[in-house]
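# Topology and contacts: notes
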There are 4 protein chains.
Amino acid sequence: MTDTRVTVWNEFVHERESEVVADVYPDGIHAVIADALEERGFETETATLQEPEHGLTEEVLAETDVLTWWGHAAHDEVDDEIVERVKEEVLNGMGLIVLHSGHFSKIFKSLMGTTCALKWREAAERERLWVVEPSHPIVAGIDDYIELEEAEMYGERFDVPQPETLVFNSWFEGGEVFRSGCCYRRGNGKIFYFRPGHETYPVYHNEEIQQVLGNAVEWAAAGDDQPEPVQGNHEPLEEIDTSDDRTVH
Amino acid sequence: MTDTRVTVWNEFVHERESEVVADVYPDGIHAVIADALEERGFETETATLQEPEHGLTEEVLAETDVLTWWGHAAHDEVDDEIVERVKEEVLNGMGLIVLHSGHFSKIFKSLMGTTCALKWREAAERERLWVVEPSHPIVAGIDDYIELEEAEMYGERFDVPQPETLVFNSWFEGGEVFRSGCCYRRGNGKIFYFRPGHETYPVYHNEEIQQVLGNAVEWAAAGDDQPEPVQGNHEPLEEIDTSDDRTVH
Amino acid sequence: MTDTRVTVWNEFVHERESEVVADVYPDGIHAVIADALEERGFETETATLQEPEHGLTEEVLAETDVLTWWGHAAHDEVDDEIVERVKEEVLNGMGLIVLHSGHFSKIFKSLMGTTCALKWREAAERERLWVVEPSHPIVAGIDDYIELEEAEMYGERFDVPQPETLVFNSWFEGGEVFRSGCCYRRGNGKIFYFRPGHETYPVYHNEEIQQVLGNAVEWAAAGDDQPEPVQGNHEPLEEIDTSDDRTVH
Amino acid sequence: MTDTRVTVWNEFVHERESEVVADVYPDGIHAVIADALEERGFETETATLQEPEHGLTEEVLAETDVLTWWGHAAHDEVDDEIVERVKEEVLNGMGLIVLHSGHFSKIFKSLMGTTCALKWREAAERERLWVVEPSHPIVAGIDDYIELEEAEMYGERFDVPQPETLVFNSWFEGGEVFRSGCCYRRGNGKIFYFRPGHETYPVYHNEEIQQVLGNAVEWAAAGDDQPEPVQGNHEPLEEIDTSDDRTVH
């Protein structure tokens, strides 16, 4: 699907305020993700919080098949109107990939309907993302698990609706587990929550993580044959076939 | 579960503005539903849009195990703050039963994350609510289907997340179908969407519909052993057992 | 996916015993389905009950990406060993499309774990297959519904596990509904149950039905990156990384 | 539900052949489970492989609301006819709780439709069963997790259909995770797979594990208002209302 157009969104705050983070992502997390997807043949653009309309104008979204979302420190600074716009696009068929701390973004919470709360600890722990649905396209090319030497821990209970398909289930050195790859369908759009990606660890430089991101983009991209956008209001049916006594007078 | 406390909410607009509706529900839809639940042994209160805080104060919600919701003409008049309060209660374990045109209420849409749009036609059509999960507690005492001689038609596509459990599937005389009994879990709360109940038809006077409402209240009521309310923010783990080398330094 | 290989299986009994059926399907139901899939660019073979091993040798299955199954009168004549062989292939990633009366086939019942019972009536009724998940690839190119002028009625309750995704929901003239397009994943394989197709009606000659069959084949076909076949037995883990104290002594 | 009748089934092989196991379960695993359920107010009987019809006569099953199943070494010795009988009871509404190595029992595999394969290692590892659905009745009274000092490891990928509700998610010291509490509905029956319980560890003596077993029995017990048993064959509809032109000629 080389014609799939991806917009990589990043709040782009930590990278500009913390040297530690800047060392890992000098041009921002979005740059690394965009490069990885570009290499895999996707048409990729980036957008950040600081741009007008956060870089998510109607024009940009109209030309986006899949949007990836990374945010952490500035969830509240995201304009509600833009969140509403993105949500409408997702419900009309745009794919959405929510990364790591994006679990607390306005857009993810508003699509899930829950608090999306979880447990966490920052202690450079080893994480193993176990594949629980090996034939799912999102894990194509991945073995039994992906191992990350150092990760921030996210632990259950993760307050989301039970995933329609759970593809990854994480183990953490310190004693926790987490449903780290969760698939949902909302309206006409497909949503994938993918846990890895703390700003202080080079997670998005990892080959396997990049492979999953590419797989997820392909999975989330709407087919060419998309239905009419869902109308946000009632639709009276046009007159139906009344060629017999069965129909309504 | 005679100690289950139900609050029956109604926007209470049509009944006061339309003689047709007033003939069917002279004291309001809420009065008929409350009586039906009272008879079945539930502690029942009512609340309406016109009351201060729409009758849904923190005190009222704190003493509510299950809230039933009927609205149609005045969804937009429901205060966002009250919607947020109700949502928090649901996520903390309060049951919610959304009735008929309540599919477009702020509270339902915010818990589903979708437009909740559907097709509709008002033509006094016969409806059959077929039971698709006969062992589910919500259909206890119901045969193969419930038949309503006259109903407003709701038709697919109904834009909601696929139900965790679909219990009723409706047939309409004019040629449509609709997923008319849908179960969801959001946070610690259970949600049941039940389609029947247009204001111009005496649907809530129907014995079988009342039976389903009673069953749904029992199903949606939280157990006595509810977990701590989910915190809407990260929770650092307290220090975990470090009695060996396995834990984090 | 022009390289997807489909095997169209048919018990091929009614067509040879009933003139009525032979008029609709002179060369058998499998011939019409195979032609329709061939036209859509799939590599298609057929197999029938009467062939040695029912035409489903290990060689044939090894070269089959998706198997379609039509049976009705002779479910019991299908050899248990062949059923076991097909089941193993499905669990290892072969797609399976079960058609109409195939709901009662040994292979479908053994994958569902339930009786797969349903209600039925043969009365040339009008059927409407309503799309409930319009963005699903199986309904690509289909409008709000497919209408069939004459069909055998299948009615709820359909005793199957709740579908992982319900894509079609049928309305019948006589007053019933039926979940007529149901998606499941079992092991590494994808399964689609599609209701239409009684032998006395020319359903498989219908353009839209053929479109859905083609869509379903694409959907059910395993990716190129299939995981190792699941072993039907325990798998001791090879020694895991023991570079620290975390592992087992 | 003090009137809920439980039959605790055990193959009862290891306890009679291994001193190690006999030390932990001198009267058999079934005795310890039965006592624990008895204490919680259930009417409890036991049955073992060695009894005529494995102790699962039609009379016994007719008086059983919930059956618990523990097997490991002798799955193949369970008579297919008895498995078929148990399966029919489950589909007609009897609850089934499958324990630990019972994942490979004929009854569980035939209800799941998959291989039910998993990874395993016996190394006295610490296990934590994390609660992922804290408001579910099966975890009533359980905190964030149950910790077992020594357990046999079961690891993903666990080849089962995605659970309708996942309630426990296990962490293991050696680096694996496992979906250790899985809810399913098959026919009219509810099924709970619960992972803990290797014969060489005193897991069923654990208070919290016993609490979960009691909760699971209550959850799995059919309501008083059970539907007619599903017929394992087609059911022609009796003549439907023909008072108008809508019906079939």
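Residues numbered from 1 in each chain as written. Chains lettered and ligands numbered in written order. Predicted model: local features only at pLDDT ≥ 70, side-chain atom pairs only at ≥ 80, totals over all residues. Heavy atoms only, no water.

If you look chain A up in an unreviewed UniProt entry, it shows as ThuA domain-containing protein from Saliphagus infecundisoli.

### Some words on the overall build of chain A
Along the backbone of chain A there are seven helices and ten strands. With 249 residues in all, chain A has 65% of them scored as buried. Accessible area for chain A stands at about 8,900 Å²; split by element, carbon and sulfur atoms hold 43% of it. (Helix = DSSP H or I, 4+ residues; strand = E, 2+ residues; numbered from the N terminus. Buried < 20%, exposed > 50% of the residue type's maximum accessible area, 1.4 Å probe, protein only. Areas by Shrake-Rupley, 256 points an atom, 1.4 Å probe, with all protein chains shown as cover.)

### A word on the pattern of salt bridges
Tallying each qualifying case throughout the model produces 56 salt bridges over all chains. In this structure, Glu125(B) engages Arg121(B) in a salt bridge whose closest nitrogen and oxygen atoms are separated by 2.8 Å. We note that Glu125(B), like Arg121(B), is buried. Residue Arg157(C) pairs with Glu133(B) through a salt bridge whose shortest N-O separation is 3.0 Å. (Salt bridge = Lys/Arg side-chain N within 4 Å of Asp/Glu carboxyl O.)

### Observations regarding the UniProt feature "domain: ThuA-like" (unreviewed entry) in chain A
Under the UniProt annotation, "domain: ThuA-like" (unreviewed entry) lies at residues 5–220 of chain A. Helix makes up 27% of residues 5–220 of chain A and strand 32%. Its end C-alpha atoms lie 11 Å apart. (UniProt positions renumbered as here; feature names shortened; annotations may be inferred.)

### Comments concerning the packing of aromatic side chains
Taken as a whole and judged by the stated rule, the model has 42 aromatic pairs over all chains. Joined through ring pairs, the aromatic side chains of Phe108(A), Tyr154(A), Phe158(A), Phe178(A) and Tyr193(A) make up one cluster. Taking NZ or CZ as reference, Arg195(C) lies 4.9 Å from the ring centre of Tyr154(C), over its face. (Phe/Tyr/Trp six-rings, centres within 6.5 Å; stacked < 30°, edge-to-face > 60°. Lys NZ or Arg CZ within 6 Å of the ring centre and 35° of its normal.)

### Digging into the state of the cysteines
All names here are of chain D. Applying the stated rule across the entire model yields zero disulfides over all chains. As a non-bridged cysteine, cysteine 182 has cysteine 183 as the owner of its nearest cysteine sulfur, 7.7 Å distant. Owing to a relative accessible area of 0%, cysteine 182 belongs among the buried residues under this scheme. (Disulfide = S-S within 2.5 Å.)

### Overview of the side chain of Lys119(C)
Looking at the element boundaries, Lys119(C) is found in strand β5 (residues 119–131). With a relative accessible area of 8%, Lys119(C) lands in the buried category.

### Describing the environment of His54(C)
Residue and element names in this part refer to chain C. Tracing the backbone through its elements, the reader meets histidine 54 in the loop between β2 (43–48) and α4 (58–62). Measuring from C-alpha to C-alpha, the distance between histidine 54 and arginine 16 comes to 16 Å, with 38 residues separating the pair along the chain. The contacts of histidine 54, once residues within four sequence positions are left out, are Trp9, Ala47, Thr48, Leu49, Glu77, Val78, Asp79 and Ile82. (Contact = heavy atoms within 4.5 Å.)

### Some details on the packing of helix α3 (residues 29–39) of chain B against helix α7 (residues 207–220) of chain B
All names here are of chain B. Packing of α3 against α7 leaves a shortest axis separation of 10 Å and a crossing angle of 70 degrees. Judged by the inter-axis angle, α3 sits roughly perpendicular to α7. Judged by the twist between their axes, the crossing of α3 over α7 is right-handed. From α3, Val32, Ile33, Ala36 and Leu37 reach across to α7, where they touch Gln210, Leu213, Gly214 and Val217. Its residues assigned to classes, the contact of α3 with α7 comprises six nonpolar, two polar and no charged. (Axes fitted to C-alpha atoms, helices over the stretch in contact; angles between N-to-C directions. Parallel < 35°, antiparallel > 145°, perpendicular 65-115°, else oblique. Left-handed = near helix turned anticlockwise from the far one by under 90°. Nonpolar A, V, L, I, M, F, W, Y, C, P; charged D, E, K, R; others polar.)

### Here's the deal with helix α5 (residues 80–91) of chain A
Residues and elements named next belong to chain A. Look at α5: 16 Å from first C-alpha to last across twelve residues, which is about the 16 Å you get at 1.5 Å a residue. For α5, the set of buried residues is Ile82, Val83, Arg85, Val86, Lys87, Val90 and Leu91. You can read the cap of α5 off the contacts: a side-chain oxygen lies 2.6 Å from the backbone nitrogen of glutamate 81, and it is on aspartate 79. Positive phi appears at glycine 93, one or two residues downstream of α5, with a value of about 125 degrees. (Expected span 1.5 Å × (residues − 1). Polar contact = N/O pair within 3.5 Å; in protein donor to acceptor, adjacent residues only side chain to side chain.)

### A short note on unusual backbone geometry
In this structure, the amide linkage connecting Glu156(A) to the following residue, Arg157(A), adopts the cis form with an omega of 5 degrees. Its place among the elements puts Arg157(A) in the loop between β6 (145–155) and β7 (165–172). Even without a glycine there, the phi angle at Glu53(C) is positive, about 55 degrees. Counting through the fold element by element, Glu53(C) comes out in the loop between β2 and α4. Judged by relative accessible area, Glu53(C) falls into the partly exposed class, the value being 38%.

### What to know about the environment of Asp79(C)
Residues and elements named next belong to chain C. Positionally, aspartate 79 belongs in the loop between β3 (66–70) and α5 (80–91). We classify aspartate 79 as partly exposed; its relative accessible area is 38%. Along the backbone, aspartate 79 and tyrosine 25 are 54 residues apart, and their C-alpha atoms lie at a distance of 25 Å. In this structure the side chain of aspartate 79 is engaged in a polar contact, spanning 2.6 Å, whose partner is the backbone nitrogen of glutamate 81.

### Overview of the confidence of the model for chain A
Residues and elements named next belong to chain A. When the pLDDT values of chain A are averaged, the result is 91; 89% of them are 70 or greater. Taken as a whole, residues 237–249 scores under 50 in pLDDT and shows 23 contacts with residues more than four places along the chain or in a different chain. Across the interface, the model reports ipTM at 0.92; the global pTM reads 0.94. (pLDDT = per-residue confidence, 0-100.)

### Section: the environment of Thr46(A)
All names here are of chain A. Mapped onto the elements, threonine 46 comes out in strand β2 (residues 43–48). For threonine 46, a relative accessible area of 36% puts it in the partly exposed group. For the pair threonine 46 and leucine 67, spaced 21 residues apart in the sequence, the C-alpha separation amounts to 9.5 Å. Ignoring anything within four residues of it in the chain, the contact list for threonine 46 reads Val8, His30, Ala34 and Glu51.

### Quick look at the side chain of Asn169(D)
Among the structural elements, Asn169(D) can be located in strand β7 (residues 165–172). Beyond its immediate stretch of four places on either side in the chain, Asn169(D) contacts Glu156(A), Asn169(A), Val177(A), Arg179(A), Arg128(D), Leu129(D), Trp130(D), Val132(D), Phe178(D), Arg179(D) and Ser180(D).

### What about helix α7 (residues 207–220) of chain D?
Residues and elements named next belong to chain D. In this model α7 runs 20 Å from its N-terminal to its C-terminal C-alpha over 14 residues, within 8% of the 20 Å that 1.5 Å per residue would give. Burial analysis of α7 places ten of its 14 residues in the buried class, the great majority of the element. Here α7 has its buried residues at Ile209, Gln210, Val212, Leu213, Gly214, Asn215, Ala216, Val217, Trp219 and Ala220. The distance from a side-chain oxygen at the start of α7 to the backbone nitrogen of glutamate 208 is 2.7 Å, and the residue carrying that oxygen is asparagine 206.

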